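Listed below, chain by chain, are the residues.
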2 protein chains.
Amino acid sequence: MSAEAGVARAAPYPAAVDPKIEALVNEVIGRVADKWTMIVLDVLAEHGELRFTRLAELSGGISQKMLTQTVRQMERDGLVIRTVHPVIPPKVEYRLTDLGFSLGEAFCGVWLWAADNLERIEASRQAFDQRARDV
Amino acid sequence: MSAEAGVARAAPYPAAVDPKIEALVNEVIGRVADKWTMIVLDVLAEHGELRFTRLAELSGGISQKMLTQTVRQMERDGLVIRTVHPVIPPKVEYRLTDLGFSLGEAFCGVWLWAADNLERIEASRQAFDQRARDV
DNA sequence: CCGTATCCCTGGCGATACTG
DNA sequence: CAGTATCGCCAGGGATACGG
């Protein structure tokens, strides 16, 4: 990195992170920032333990396939606990682990940011599109 | 929602959000949580203002097409400023807006979470895969 | 140097049908 | 009810070539 004299705006970041760690972090974020993962995380955080079908309903338009896939990955990553009740008809319940909850809290900041800045973003888009038309 | 008596684990969330707002927030998050957007955001936060080619180098393996696309979207959303210097050869510089920086800060929590929990996730995955093999 | 335009192909995802 | 298996579409994104 050396002595960079003329950087226009100093970043509020340490800037020096092990690139290997960075790659791993990106991988984890990439996985975790998935659309359905976030929605399922949110639903489980709000509703506590849920059965498969109920979870699907509350997750708004997710297909069975994607729900299974998402929830399996989350289980593998230690974000949810999957409890199978050996009864007929089958009953399977899902709930967040502490790790899952902690991720939810971490994402809370992004959530709030999005909610706070919706209008600003919308305005920016309109201005941009307007400028594009002017050309 | 009515009176749900037996929820196993009360969520630390307000639980009552306007679903329309929620949809919008999801849309914004979906856009913003995109892999390349996050990487570019990170690179610009760390390095300040950058030219196109340099930005591509630092963003590790992004194609020209995706960089252009990503950066355009970010400009449209008001996350970056694009400055064209009318010289030959062309020179275009990108830097974050305040909104862009604030998004970076919001994501910081997720970043830290990922960094903190890498090992735990890795361990969880191995345990899961082991269990799968045992079956 | 900084893009836009075009081709092409992989794989993500929905829909459907079937099992324990 | 809670999955797995299979098919088929088409959009995302890489590679390449060209333009200002």
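First, a word on scope: everything that follows refers to the structure included in this document. (Residues numbered from 1 in each chain as written. Chains lettered and ligands numbered in written order. Predicted model: local features only at pLDDT ≥ 70, side-chain atom pairs only at ≥ 80, totals over all residues. Heavy atoms only, no water.)

1. Thoughts on the relation of the copies chain B and chain A
Thought 1: If you rotate chain B by 180° and push it 0.1 Å along the axis, it lands on chain A with an RMSD of 0.2 Å. Such a turn and shift between the copies fits a two-fold axis. Closest approach to the rotation axis among the C-alpha atoms of chain B is made by B:Ala33, whose C-alpha sits 3.0 Å away.
Thought 2: A share of 98% of the interface residues of chain B reappears at the interface of chain A, consistent with the copies meeting face to face through the same patch. (Least-squares fit on C-alpha atoms with pLDDT ≥ 70 in both. Contact = heavy atoms within 4.5 Å.)

2. Quick look at the sheet that holds strand 3 (residues 91-96) of chain A
Residue and element names in this part refer to chain A.
Thought 1: Read across the sheet, 3 strands follow the order 1-3-2 without closing on themselves; strand pairing throughout is antiparallel. With one partner strand each, in any of the chains shown, strand 1 (50-51) and strand 2 (80-85) form the two edges of the open sheet.
Thought 2: In this sheet, strand 3 lies alongside strand 2 in antiparallel orientation, the contact comprising 6 bridges. Bridge pairing in strand 3 links histidine 85 to lysine 91.
Thought 3: In the packing of helix 2 (residues 35-47) onto the sheet, the strands contacted are strand 1, strand 2 and strand 3, and the crossing angle to strand 3 comes to about 95°.
Thought 4: Running at roughly 110° to strand 2, helix 4 (residues 64-76) makes contact with strand 2 and strand 3 of the sheet. (Pairing = 2+ DSSP bridges. Helix = DSSP H or I, 4+ residues; strand = E, 2+ residues; numbered from the N terminus. Axes fitted to C-alpha atoms, helices over the stretch in contact; angles between N-to-C directions.)

3. What to know about the packing of helix 2 (residues 35-47) of chain B against helix 4 (residues 64-76) of chain B
All names here are of chain B.
Thought 1: One way to put it is that helix 2 packs onto helix 4 with a least axis distance of 10 Å and a crossing angle of 75°. Here helix 2 is positioned roughly perpendicular relative to helix 4, judged by the angle of their axes. Only Met66, Leu67, Thr70 and Met74 of helix 4 make contact with helix 2, whose side of the interface consists of Trp36, Thr37, Val40 and Leu41.
Thought 2: When its residues are assigned to classes, the contact of helix 2 with helix 4 shows 6 nonpolar, 2 polar and no charged. (Parallel < 35°, antiparallel > 145°, perpendicular 65-115°, else oblique. Nonpolar A, V, L, I, M, F, W, Y, C, P; charged D, E, K, R; others polar.)

4. Describing the protein's contact with DNA strand D
Thought 1: In the region of DNA strand D, 15 residues are neighbours, and A:Thr53, A:Arg82, A:Tyr94, B:Ser63 and B:Lys65 sit closest.
Thought 2: Counting only atoms of DNA strand D within 4 Å of the protein, the sugar-phosphate share comes to 61%.
Thought 3: Within the contact set of DNA strand D, a phosphate oxygen lies 2.4 Å away from a side-chain nitrogen or oxygen of A:Thr53.
Thought 4: In the model, a base nitrogen of DNA strand D is placed 3.0 Å from a nitrogen or oxygen of the A:Gln64 side chain.
Thought 5: Sorting elements by how many residues they give to the surface near DNA strand D places helix 4 of chain A first, with 3 residues.
Thought 6: The residue makeup of the surface near DNA strand D, split by class, is 7 nonpolar, 4 polar and 4 charged. (Near = heavy atom within 4 Å. Polar contact = N/O pair within 3.5 Å; in protein donor to acceptor, adjacent residues only side chain to side chain.)

5. A short note on helix 4 of chain B
Thought 1: End to end, helix 4 of chain B covers 18 Å across 13 residues, agreeing with the expected 18 Å (1.5 Å per residue, within 8%).
Thought 2: If you check which residues of helix 4 of chain B are buried, you get B:Leu67, B:Thr70, B:Val71, B:Met74 and B:Glu75. The buried residues of helix 4 of chain B occupy an angular sector of 135° when projected down its axis, which confines them to one face.
Thought 3: The secondary structure elements touched by the buried residues of helix 4 of chain B are helix 5 (98-134) of chain A together with helix 2, helix 3 (52-58), strand 2 (80-85) and strand 3 (91-96) of chain B.
Thought 4: Looking one or two residues past helix 4 of chain B, B:Gly78 carries a phi angle of roughly 80°, positive in sign. (Expected span 1.5 Å × (residues − 1). Buried < 20%, exposed > 50% of the residue type's maximum accessible area, 1.4 Å probe, protein only. Arc of directions from axis to C-beta.)

6. Section: the nonpolar core
Thought 1: In this structure, A:Leu55, A:Phe107, A:Trp113, B:Leu55, B:Phe107 and B:Trp113 are the most contacted members of the largest nonpolar core, which totals 71 residues.
Thought 2: Sequence-distant contacts of A:Trp113, defined by excluding residues within four places in its chain, comprise A:Ile121, B:Val28, B:Val32, B:Leu79, B:Leu99, B:Ser102, B:Leu103 and B:Ala106. (Core = buried A, V, L, I, M, F, W, Y, C linked by side-chain atoms within 4.5 Å.)

7. Structural notes on helix 2 of chain A
Residues and elements named next belong to chain A.
Thought 1: Taking 1.5 Å per residue, 13 residues should reach 18 Å; helix 2 reaches 19 Å between its end C-alpha atoms and fits that length.
Thought 2: Within helix 2, 12 of the 13 residues are buried, leaving the element largely enclosed by the surrounding structure.
Thought 3: Among all positions in helix 2, only Trp36, Thr37, Met38, Ile39, Val40, Leu41, Asp42, Val43, Leu44, Ala45, Glu46 and His47 are buried.
Thought 4: N-capping of helix 2 is provided by aspartate 34, with a side-chain oxygen placed 3.2 Å from the backbone N of tryptophan 36.
Thought 5: Once helix 2 finishes, glycine 48 follows within two positions and takes phi at roughly 75°, a positive value.

8. Here we look at the protein's contact with DNA strand C
Thought 1: Of all residues adjacent to DNA strand C, which total 15 residues, the nearest are A:Lys65, A:Met66, B:Thr53, B:Arg82 and B:Tyr94.
Thought 2: For DNA strand C, the backbone portion of the atoms within 4 Å of the protein, that is sugar and phosphate, comes to 64%.
Thought 3: Within the side chain of B:Arg82, an N or O atom sits 2.5 Å from a phosphate oxygen of DNA strand C.
Thought 4: Counting residues per element, the ones that place at least two in the surface near DNA strand C are helix 4 of chain A together with helix 3, helix 4 and strand 3 of chain B.
Thought 5: Considering each element in turn, the surface near DNA strand C owes the most residues, 3 residues, to helix 4 of chain B.
Thought 6: Here the surface near DNA strand C is built from residues that sort into 7 nonpolar, 4 polar and 4 charged.

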